[in-house]
Amino acid sequence: MTPYERLERWLAAHRPQILANLQPPASEAELAGLAESLGVTLPPSFLDLYRWHNGQRDRQQPGPFYGLSFLSIDGVLAEWRNWNEILAADDSTDVHGFCASVAPGVVKELYANRRWIPFSDDGGGNHIGVDLDPGPRGRVGQVINFGRDEDVKYVLGRTVEAFVERIARELEAGNYVLMDPPDGGFETRKPSSSHFLDAASEWFGT
C-alpha cells in the first residue's frame, strides 16, 4: 500500500469530510501545463501526489496534512506567483538576512526562491513545498518549510512520497488529536501543537 493510500484510509476512518473535500486526480495534461507554467521539471514524487488528488476544493477547510491545506494546481500557481512578486519587489540581502538551514548547506538560506514550489499552506503565508534548488548538501525534490514566519528551514522528507509516508505513519501510530466542529481538523499529540509546522520543527528541525 502506498503512503497516499494509507493516508486516504486514515482520513476515511477518522476525517471523512476532509477526504470528501479532495478533488479527483489531476490529468497528465494538467501536470504538463503546470510544469510548463513553472518553467521546471517536476520530480516524479511531486507528480504522483497530484495523480492521487488535485488538491482540495475548499482551501478554507482543514487539509490532509495535519490540517494544512493541499493546494490544487491552480493554487500552486497562484502561491508561486505571489512569491515571485515578493522576490521581484525586494530581492535584496535584507529580506534573506535572518534565514538559516538547520542542517548547513542543505537548504539555501533564503526567504523565498522561485524554485521552491508550494503544495500546502496554512492560509497565513507559510508553506510546505518541494525544493528544486537545494543547497550543495541538499537533494533536488526534497520537501521543505518556507514562508512568512519560516525563517529557519528544515527538510520534512527527501521526497514528497517520504513526507506523506511520515504523515501516514504518525497518524497510524495514534499521534493525533481530533478537533471538534466547526473546525473538524486534527492536530499533533506529540509534540502537542495546533500548527503542524511548529510540530514539524521538533520532528525535523534538530
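Structure's up top.
All values derive from a computational prediction rather than experimental measurement.

**Q** Help me understand the pairing of strand E5 (residues 142-147) in this model?
**A** Along any regular strand, the residues point their side chains to alternate faces of the sheet. Within E5, six of the six residues are buried, which leaves the element mostly enclosed by the surrounding structure. The alternating pattern of E5 places Gln142, Ile144 and Phe146 and Val143, Asn145 and Gly147 on opposite faces, both of which are buried. Where strand E4 (residues 126-131) lies against E5, six bridges are found, and the strand directions are antiparallel. From the neighbouring strand, histidine 127 faces E5, where its bridge partner is phenylalanine 146. With two bridges connecting them, E5 and strand E7 (residues 155-157) associate as antiparallel partners. Along E7, the bridge assignment pairs valine 143 with glycine 157.

**Q** Is there a simple way to think about unusual backbone geometry in this case?
**A** A negative phi angle is the norm for most residues apart from glycine, just as the trans form is the norm for most peptide bonds. In this structure, proline 191 follows lysine 190 across a cis peptide bond, with omega equal to -5°. Relative to the assigned elements, proline 191 resides in the loop between strand E9 (186-187) and helix H8 (196-204).

**Q** Mind showing me how you'd approach the nonpolar core here?
**A** For soluble globular proteins, the rule of thumb is that nonpolar side chains tend to be buried together. Ranked by size, the top nonpolar core spans 48 residues in total, and within it Leu49, Tyr50, Phe119, Phe163 and Phe196 carry the most contacts. If we skip the residues at most four places from it in the chain, leucine 49 touches Tyr4, Phe65, Phe70, Phe119, Val160 and Val164. If you look at the next biggest cluster of nonpolar residues, it comprises 10 residues, including Trp83, Val107, Ala112 and Ile144.

The rules behind the values
Residues numbered from 1 in each chain as written. Predicted model: local features only at pLDDT ≥ 70, side-chain atom pairs only at ≥ 80, totals over all residues. Heavy atoms only, no water. Buried < 20%, exposed > 50% of the residue type's maximum accessible area, 1.4 Å probe, protein only. Helix = DSSP H or I, 4+ residues; strand = E, 2+ residues; numbered from the N terminus. Pairing = 2+ DSSP bridges. Core = buried A, V, L, I, M, F, W, Y, C linked by side-chain atoms within 4.5 Å. Contact = heavy atoms within 4.5 Å.

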